[in-house]
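An overview of the molecular structure
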Amino acid sequence: MALIAGFRLHRGGILICADRQQLTGAGKHSVEKIDRFSLSSSSYVVAGTGSSPILANALPQIRQSLQEAEKKGKDLRAEHQSIIGAALRPLHEEMIWGRSDEIERGISLIVAASFGEHKGEITTALYGNYGDTLYPANAYLCEGTGRDLAYYLTDKLYSGVYFSLPNRTKAIVQAGFIFRGVREAVSGIGLETDMVLLSGTERGFRIIPYSVVERLDQELSQIQAGIQMAWSQGLKIPEWLKSESPDSDLENLPEPYL
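Throughout what follows, the structure given in this document is the object of discussion. Being a predicted model, the structure only gives us computed values, none of them experimental.

Core analysis: the largest hydrophobic core is formed by 40 residues, its most contacted members being Phe-7, Leu-15, Ile-16 and Met-195. Of the residues forming this core, the biggest block, six residues, is contributed by helix H5 (residues 168-185). Those residues in contact with Met-195, other than ones at most four positions away along the chain, are Leu-15, Ile-16, Cys-17, Ile-172, Ala-175, Gly-176, Arg-206, Ile-207, Ile-208 and Val-213. Core analysis: the next-biggest nonpolar cluster, separate from the first, contains 26 residues, Leu-39, Ala-58, Leu-88 and Leu-134 among them.

Right, here's the structure in full:
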């Protein structure tokens, strides 16, 4: 399994991330889990988690199906969702559905797509999958090992009264923080983190090398350092908590409600 995630940016861009650890028996290897490709009027970034052999079949099939649909003159902006679903259906029928180990064979995808001219009005879309069905996501998606913790951290970063979708810099920093936090707390997530930025202002994508993300990990503040910084700048501590008893930790605290 892997941790994958997709985050929307404020100008329509989408950041797709995945850890690189793959376990094989007693060993682990660093592998790429994000596919990306461009056609004449659209670009795609696809990350997958789950059964590695089935993903190895699914990702090329998605690419091939979109390429063939474009050659036939289909409107990919309007039909890409059904085309990808149609590519996933026979794979699920043959390799996943109805098997005794169906749960272990399952795969989860995060798909980002952009449509439009090279520079001009761009439309982007972000999807997860349920079997052979793609469903649209609003601001972010997390899948795979450590998903619950990733969602917890993402919910905190993508919320609040003053929240707005992040620019690319903030999105990359936040994603680095989320993946590092999950990697430190959850087994099965490890090695480096890959990131691919799908632009919302011009069609195309930019790969952020994992070596760059690794340097970012080292520079991000630890939670303890963040708390110490907030404390030194003056946290608003309630009065009932400020009053210390010199002789007892149990005194000078409010009575519990019974």
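Strand order in this open sheet of five strands is S10-S1-S2-S11-S12, and the pairing throughout is antiparallel. A strand with exactly one partner marks an edge of an open sheet, and here the two such strands are strand S10 (140-144) and strand S12 (205-208). Direction aside, the axes of adjacent strands within the sheet are offset by 15 degrees on average. Taken together, the five bridges between strand S1 (residues 3-8) and strand S2 (residues 14-19) define a ladder with antiparallel strand orientation. When the bridges of S2 are listed, Ala-5 appears paired with Cys-17. Across the sheet, H5 touches S1, S2, strand S11 (193-198) and S12, and the angle it forms with S2 is around 25 degrees.

A separate point is the pattern of salt bridges. In the structure shown here, the tally under the stated rule is 10 salt bridges. Ionic pairing is found between Asp-194 and Arg-20, a salt bridge with its closest N-O pair at 2.7 Å. Taken together, the residues Asp-194 in strand S11 and Arg-20 in the loop between S2 and strand S3 (21-24) connect sequence positions 174 residues apart. No difference in accessibility class separates Asp-194 from Arg-20, as the two residues are buried. Among the ionic contacts, a cluster of salt bridges with common partners joins Arg-20, Glu-192 and Asp-194.

What counts, and where the lines are drawn
Residues numbered from 1 in each chain as written. Predicted model: local features only at pLDDT ≥ 70, side-chain atom pairs only at ≥ 80, totals over all residues. Heavy atoms only, no water. Core = buried A, V, L, I, M, F, W, Y, C linked by side-chain atoms within 4.5 Å. Buried < 20%, exposed > 50% of the residue type's maximum accessible area, 1.4 Å probe, protein only. Helix = DSSP H or I, 4+ residues; strand = E, 2+ residues; numbered from the N terminus. Contact = heavy atoms within 4.5 Å. Pairing = 2+ DSSP bridges. Axes fitted to C-alpha atoms, helices over the stretch in contact; angles between N-to-C directions. Salt bridge = Lys/Arg side-chain N within 4 Å of Asp/Glu carboxyl O.

Without other data, these values stay purely geometric and don't point to any function.
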